[in-house]
Amino acid sequence: MRLPTQFVRLPLRFDAQRLAEEVALFDDAAWRPHPQGEPGNTALQLVSRNGDPNDDGTAGAMRPTPHLARTPYLRQVLGALETVVGRTRLMRIDGGADLDLHADTNHYWWEHLRVHVPVTTRPDVVFHCGGEKVHMGPGEAWVFDTWRAHGVDNPADAARVHLVVDTVGSPALWRMIEGGERPHDPAWQQETAPPTQRLVAFDAAVDPPLEFERVNRSPVMSPWEQQANAAALMAEVRSVEANDAATTEAVAAL
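Quick caveat: nothing in here was measured; it's all calculated off a predicted structure.

About the criteria used
Residues numbered from 1 in each chain as written. Predicted model: local features only at pLDDT ≥ 70, side-chain atom pairs only at ≥ 80, totals over all residues. Heavy atoms only, no water. 1 Å grid on protein atoms, 1.4 Å probe; cavity = no way out; pocket = protein on both sides within 12 Å on 5 of 7 lines; lining within 4 Å. Points joined across faces, edges and corners; volume = space filled by probe spheres on them. Helix = DSSP H or I, 4+ residues; strand = E, 2+ residues; numbered from the N terminus. Nonpolar A, V, L, I, M, F, W, Y, C, P; charged D, E, K, R; others polar. Buried < 20%, exposed > 50% of the residue type's maximum accessible area, 1.4 Å probe, protein only. Contact = heavy atoms within 4.5 Å. Lys, Arg positive; Asp, Glu negative; His and termini not counted. Salt bridge = Lys/Arg side-chain N within 4 Å of Asp/Glu carboxyl O. Polar contact = N/O pair within 3.5 Å; in protein donor to acceptor, adjacent residues only side chain to side chain. Pairing = 2+ DSSP bridges. Axes fitted to C-alpha atoms, helices over the stretch in contact; angles between N-to-C directions.

(A) Seen up close, empty space enclosed by the protein. Summed over the entire model, instances satisfying the criterion amount to one cavity of 30 Å³ or more. Size it by volume and the largest cavity reaches roughly 40 Å³. The wall of the largest cavity is formed by Thr121, Val125, Val126, Phe127, Val134, His135, Met136, Val152, Arg160 and His162. Taken together, the elements giving at least two residues each to the lining of the largest cavity come down to strand 9 (126-129) and strand 13 (160-167). The residue inventory of the lining of the largest cavity, partitioned by class, reads six nonpolar, three polar and one charged.

(B) Quick look at the environment of histidine 67. With respect to the helices and strands, histidine 67 occurs in helix 2 (residues 66-69). On the basis of relative accessibility, which here comes to 15%, the residue histidine 67 falls in the buried class. If we ignore the near neighbours within four places in the chain, the residues touching histidine 67 are Phe26, Ala30, Leu44, Gln45, Leu46 and Pro53.

(C) Highlighting the side chain of glutamate 213. Inspection of the secondary structure assignment puts glutamate 213 in the loop between strand 14 (198-200) and helix 7 (223-252). Despite being buried, glutamate 213 has no salt bridge partner; arginine 87 is the closest side chain of opposite charge, sitting 8.4 Å away. A distance of 2.8 Å separates a polar atom in the side chain of glutamate 213 from a polar atom in the side chain of histidine 112. Beyond its immediate sequence surroundings of up to four residues, glutamate 213 is in contact with Gly60, Ala61, Met62, Arg63, Val84, Val85, Gly86, His112 and Val168.

(D) Summary view of the sheet that holds strand 10 (residues 132-134). Read across the sheet, four strands follow the order 7-12-9-10 without closing on themselves; strand pairing throughout is antiparallel. Two strands close off the open sheet at either side, each with one partner strand: strand 7 (98-102) and strand 10. Taken pair by pair, the neighbouring strands of this sheet meet at an average axis angle of 20 degrees, ignoring direction. Summarising the sheet, strand 9 and strand 10 pair through three bridges and their orientation is antiparallel. Across the sheet, cysteine 129 pairs through a bridge with glutamate 132, a residue of strand 10.

(E) Spatial organisation of helix 3 (residues 72-80). Burial runs high along helix 3: seven of the nine residues are buried. For helix 3, the complete set of buried residues consists of Tyr73, Leu74, Arg75, Gln76, Val77, Leu78 and Ala80.

As structure tokens, this is what we get:
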């Protein structure tokens, strides 16, 4: 989903040690190769199509896999996002590996954004997006503009693991995004101190109700969606044409 800035850190914070303990429950056999075959990249499905831990698909009803039942704090983290939960994975990048720059612009990403919660990481692990970069610290929560070129470098000697949640959003989540920290937005940087991050600690007595994505791809786009997509594409075409015209004028003036 397009965002007005590259990165937003949400005003939430989670117990990274507790998260790491739950991730450690899974042996290597539970981790699957990256869907696009990125070397050194593996994933473990927590919410997937029909709850199948071996299914990487994005079209269809999303259900919790048996892995999610073993991780009560991960469920509490999902509940704290207060949004519809789509495909959700633990995503691991081995030490010395990376995720090549790419942009997510297919139909699925017109309506979905991605929340990252780092579980295990090192200070030299860097997330790139739209020409900017951040280190996402353990237990933080971030969203980023998936339409811009993005990727990850992990030069450390240990794996980086993030909880990665696909979602269409909700009023509550959008309020968190609006109130989050935007480190590369000049307008935001002129404001006051960064927002306070609310700690969501593990509570053994809590098992939050989660709403999972049930419908995410219609056989035929609705008239509204066709109109919205056409308007967005035409706006992009006009922007490119304006840039080309400005470049031509600048060259002619030399």
